[in-house]
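Here are the chains, one letter per residue:
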Amino acid sequence: MSPALDPRDPLGFDDLLSAEDLAVRDTVREWCADRVLPHIADWYEAGELPTIRELARELGSIGALGMHLHGYGCAGASAVQYGLACLELEAADSGLRSLVSVQGSLAMYAIHRWGSEEQKQAWLPRMASGEVIGCFGLTEPDHGSDPASMRTAAKRDGSDWVLNGRKMWITNGAVAGVAVVWAQTEDGIRGFVVPTDTPGFSAPEIKHKGSLRASVTSELVLDNVRLPQDAVFPEVRGLKGPLSCLNQARYGIVWGALGAARSCLETAREYSITREQFGKPLGAFQLTQAKLADMSLELNKGLLLALHLGNRMDAGTLRPEQVSYGKLNNVREAIQIARTARTILGANGISYEYPIMRHANNLESVLTYEGTVEMHQLVIGKTLTGQDAFR
Ligand SMILES: Cc1cc2nc3c(=O)[nH]c(=O)nc-3n(C[C@H](O)[C@H](O)[C@H](O)COP(=O)(O)OP(=O)(O)OC[C@H]3O[C@@H](n4cnc5c(N)ncnc54)[C@H](O)[C@@H]3O)c2cc1C
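Residues numbered from 1 in each chain as written. Predicted model: local features only at pLDDT ≥ 70, side-chain atom pairs only at ≥ 80, totals over all residues. Heavy atoms only, no water.

- As recorded in an unreviewed UniProt entry, the protein goes by the name Acyl-CoA dehydrogenase family protein, listed as coming from Streptacidiphilus fuscans.
- The annotation that UniProt attaches to the protein under Cofactor (unreviewed entry) is "FAD".
- Note on the protein: under the UniProt heading Sequence similarities (unreviewed entry), the record states "Belongs to the acyl-CoA dehydrogenase family." (UniProt positions renumbered as here; feature names shortened; annotations may be inferred.)

**A closer look at the overall build of the protein**
Here is step 1: Helix and strand content of the protein: 11 helices and nine strands.
Here is step 2: For the protein, the C-alpha radius of gyration of 21 Å lies close to 21 Å, the compact-globule estimate for 391 residues.
Here is step 3: Long-range contacts, defined here as pairs at least 24 residues apart, represent 75% of the contacts in the protein between residues at least 6 apart.
Here is step 4: Carbon and sulfur atoms make up 52% of the accessible area of the protein, which amounts to about 16,900 Å² in all. (Helix = DSSP H or I, 4+ residues; strand = E, 2+ residues; numbered from the N terminus. Rg over C-alpha atoms; globule rule 2.2 N^0.38 Å. Contact = heavy atoms within 4.5 Å. Areas by Shrake-Rupley, 256 points an atom, 1.4 Å probe, with all protein chains shown as cover.)

**Re the UniProt feature "domain: Acyl-CoA dehydrogenase/oxidase N-terminal" (unreviewed entry) in the protein**
Here is step 1: This chain's UniProt record puts "domain: Acyl-CoA dehydrogenase/oxidase N-terminal" (unreviewed entry) on residues 19-131.
Here is step 2: Taken as a whole, residues 19-131 contains 72% helix and 0% strand, while its terminal C-alpha atoms sit 30 Å from one another.

**Quick look at unusual backbone geometry**
Here is step 1: The phi torsion at Leu212 lies on the positive side, around 45°, for a residue other than glycine.
Here is step 2: For Leu212, the position within the fold is in the loop between β6 (201-202) and β7 (217-227).
Here is step 3: In this structure, Asn224 takes a positive phi of about 50° despite not being glycine.
Here is step 4: By the secondary structure assignment, Asn224 is in strand β7.

**A few points about the nonpolar core**
Here is step 1: Formed by 103 residues in total, the largest nonpolar core has its most connected members in Leu59, Phe136, Trp182, Phe233 and Trp255.
Here is step 2: If you tally residues by element for this core, the top one is helix α7 (residues 240-274), at 15 residues.
Here is step 3: Other than its neighbours up to four places away in sequence, Leu59 contacts Trp31, Ala64, Leu65, Leu89, Leu96, Leu99 and Val100.
Here is step 4: Formed by 19 residues, the second largest nonpolar core is a distinct cluster that contains Leu163, Val194, Phe201 and Val232. (Core = buried A, V, L, I, M, F, W, Y, C linked by side-chain atoms within 4.5 Å. Buried < 20%, exposed > 50% of the residue type's maximum accessible area, 1.4 Å probe, protein only.)

**Quick notes on the site of the ligand**
Here is step 1: The environment of the ligand is formed by 18 residues, the closest being Thr139, Ser145, Trp169, Thr372 and Glu374.
Here is step 2: Residue Phe136 places a main-chain N or O atom 2.9 Å away from a nitrogen atom belonging to the ligand.
Here is step 3: A distance of 2.8 Å is found between a nitrogen atom of the ligand and a side-chain nitrogen or oxygen belonging to Thr171.
Here is step 4: Elements supplying a minimum of two residues to the shell around the ligand: β3 (160-171), α10 (356-368) and α11 (373-385).
Here is step 5: Per-class residue counts for the shell around the ligand are nine nonpolar, seven polar and two charged. (Near = heavy atom within 4 Å. Polar contact = N/O pair within 3.5 Å; in protein donor to acceptor, adjacent residues only side chain to side chain. Nonpolar A, V, L, I, M, F, W, Y, C, P; charged D, E, K, R; others polar.)

**Digging into the packing of helix α5 (residues 94-114) against α7**
Here is step 1: It is at 9 Å that the axes of α5 and α7 come closest, and there the two elements cross at 145°. Here α5 and α7 pass one another in a crossing that is right-handed. Residues Arg97, Ser105, Leu106, Tyr109, Ala110 and Trp114 of α5 lie in contact with α7, whose contacting residues are Lys240, Gly241, Ser244, Cys245, Leu246, Gln248, Ala249, Gly252, Ile253 and Gly256. (Axes fitted to C-alpha atoms, helices over the stretch in contact; angles between N-to-C directions. Left-handed = near helix turned anticlockwise from the far one by under 90°.)

**Looking at the packing of aromatic side chains**
Here is step 1: Taken as a whole and judged by the stated rule, the model has seven aromatic pairs.
Here is step 2: Their ring planes at 70° and their centres at 5.4 Å tell us that Tyr44 and Tyr352 sit as a pair that is edge-to-face. Here the residue Tyr44 occupies a position in helix α2 (residues 40-46), and Tyr352 occupies one in the loop between α9 (320-344) and α10, the gap between them amounting to 308 residues.
Here is step 3: For Tyr352, a relative accessible area of 30% puts it in the partly exposed group.
Here is step 4: Taken together, the ring pairs connect Phe136, Trp182 and Phe233 into an aromatic cluster. (Phe/Tyr/Trp six-rings, centres within 6.5 Å; stacked < 30°, edge-to-face > 60°.)

**Structural notes on the pattern of salt bridges**
Here is step 1: Scanning all chains against the criterion turns up 22 salt bridges.
Here is step 2: With a shortest N-O distance of 2.6 Å, Arg358 and Asp93 are connected by a salt bridge. Of this pair, Arg358 sits in helix α10 while Asp93 sits in the loop between α4 (79-92) and α5, and the two are 265 residues apart along the sequence. For the pair formed by Arg358 and Asp93, the shared burial category is buried.
Here is step 3: One salt-bridge network, held together by shared partners, links Arg8, Glu266, Arg269 and Glu270. (Salt bridge = Lys/Arg side-chain N within 4 Å of Asp/Glu carboxyl O.)

**Regarding the side chain of Thr340**
Here is step 1: Inspection of the secondary structure assignment puts Thr340 in helix α9.
Here is step 2: Thr340 gets classed as buried once you look at its relative accessible area, which sits at 18%.
Here is step 3: Apart from the residues within four sequence positions on either side, Thr340 is in contact with Lys291 and Met295.

**Observations concerning a nonpolar patch on the surface**
Here is step 1: Side chains of Leu11, Leu16 and Leu304 sit close together on the surface and give an oily, nonpolar patch of about 300 Å² of accessible area.
Here is step 2: Looking at where Leu304 falls in the secondary structure, it is placed in helix α8 (residues 286-315).
Here is step 3: Classification of Leu304 by relative accessible area gives partly exposed; the value is 39%. (Patch = residues over 30% accessible without salt bridge, like charges linked within 9 Å, V, L, I, M, F, W, Y side chains within 5 Å.)

**Side note on helix α3 (residues 52-61)**
Every α-helical turn comprises 3.6 residues, leaving residues that sit three or four positions apart pointing alike.
Here is step 1: Considered for burial, the residues of α3 that qualify are Ile52, Leu55, Ala56, Glu58, Leu59 and Gly60.
Here is step 2: Following α3 by one or two positions, Gly63 adopts a phi angle in the positive range, close to 80°.

**A short note on the packing of α4 against α7**
The description of two helices packed together rests on the angle between their axes and the distance between the axes.
Here is step 1: Orientation of α4 relative to α7, taken along the N-to-C sense of each, is 40°, at an axis distance of 7 Å. With respect to the hand of their crossing, α4 and α7 are arranged in right-handed fashion. Contacts from Ala79, Val80, Tyr82, Gly83, Leu84, Cys86, Leu87, Glu88, Glu90 and Ala91 in α4 reach Tyr251, Gly252, Trp255, Gly256, Ala257, Leu258, Gly259, Ala260, Arg262 and Ser263 in α7.
Here is step 2: The class makeup of the residues in the contact of α4 with α7 is 12 nonpolar, five polar and three charged.

Shown next as structure tokens:
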């Protein structure tokens, strides 16, 4: 008789990965087990990431920052490997994955893709090592899903630029050494590389969050921030610049959300085997098995979708609309898995002694940032009908 399937990998997903992919995944998994899992529940409850600078350096040392970028001290890993790293980080906590996504896919990618050679040399090696943390300022208090209407403005003063405005909900803001800030200019939206010690720049932290509590989220205030001429990305104009970066970060989320889902499913599965009611383990009841089966089905379908998109990204054929399919599906299913897993733990499901409630709360942010569910539905709807329903 053939051996029983591994309940953690029933479809043989690991067989689709190379030895190098598995090595990258295991490195990040072990780092999380050692450095994050023993502390994360406390950090989350306290609403802080007290060792964020130390963690950033360690993430740099294992090659996780700007992991899929090439040159300038970056690891040059494949998109699939980067995805696997995101999955492992988010299995620990979405806050950790957010730190890495914003650093690598938003701030570093923006400089790598659109920066001048001088900007790349100045920032990327120090960001890859974790010496400098970056943030990415697109969202504003009054402009989230519709960033084209942003009000933050950059005006010329002689050869300098002067920036004024406010950004909102900016991950890593208060701890960043460099901010990529998108602003209106007379030439359309342009991106600026802003050292955060520039006079007039401040990043007050946003407190009282019920989600992503182990992540630094801030406002960015730009009050007559004067920058030299070469602080701007030289070529790119319009939303194409920020959207190209968001596409990278969304891709990481396609994988990452499944990490949170995996943690929830595993917790519920193990609980269902040991917890007894009516003289039997919960996992022996058909209703519990139906829940576990549906969760496992969606998790593994999501993994196959993530791998498909990763292979397309590695082949250079991934389209932003395809990323929308992945982001929409995998985050929506991950949050459903978290909610169902919570029910299996009963009252224990709401306790931070178990990771499920933390993941479920985190996934509320993941559902909203990097394009809300509705925005990705609209992107897919436009693909299917040719009609733009955004406005
Ligand atoms: C924890 C956290 C971290 C974040 N980090 C960053 C960051 O690092 N950098 C950054 O720039 N931003 C960041 N964001 C901001 C995030 O990208 C925005 O919250 C998101 O784009 C949604 O914008 P909004 O919150 O203003 O919602 P709104 O745009 O006001 O939307 C509210 C609701 O209306 C819906 N809606 C809007 N327009 C339409 C439409 N045309 N049709 C149908 N429904 C519509 C939306 O889908 C949503 O359900 C972060 C957010 C959070 C919560």
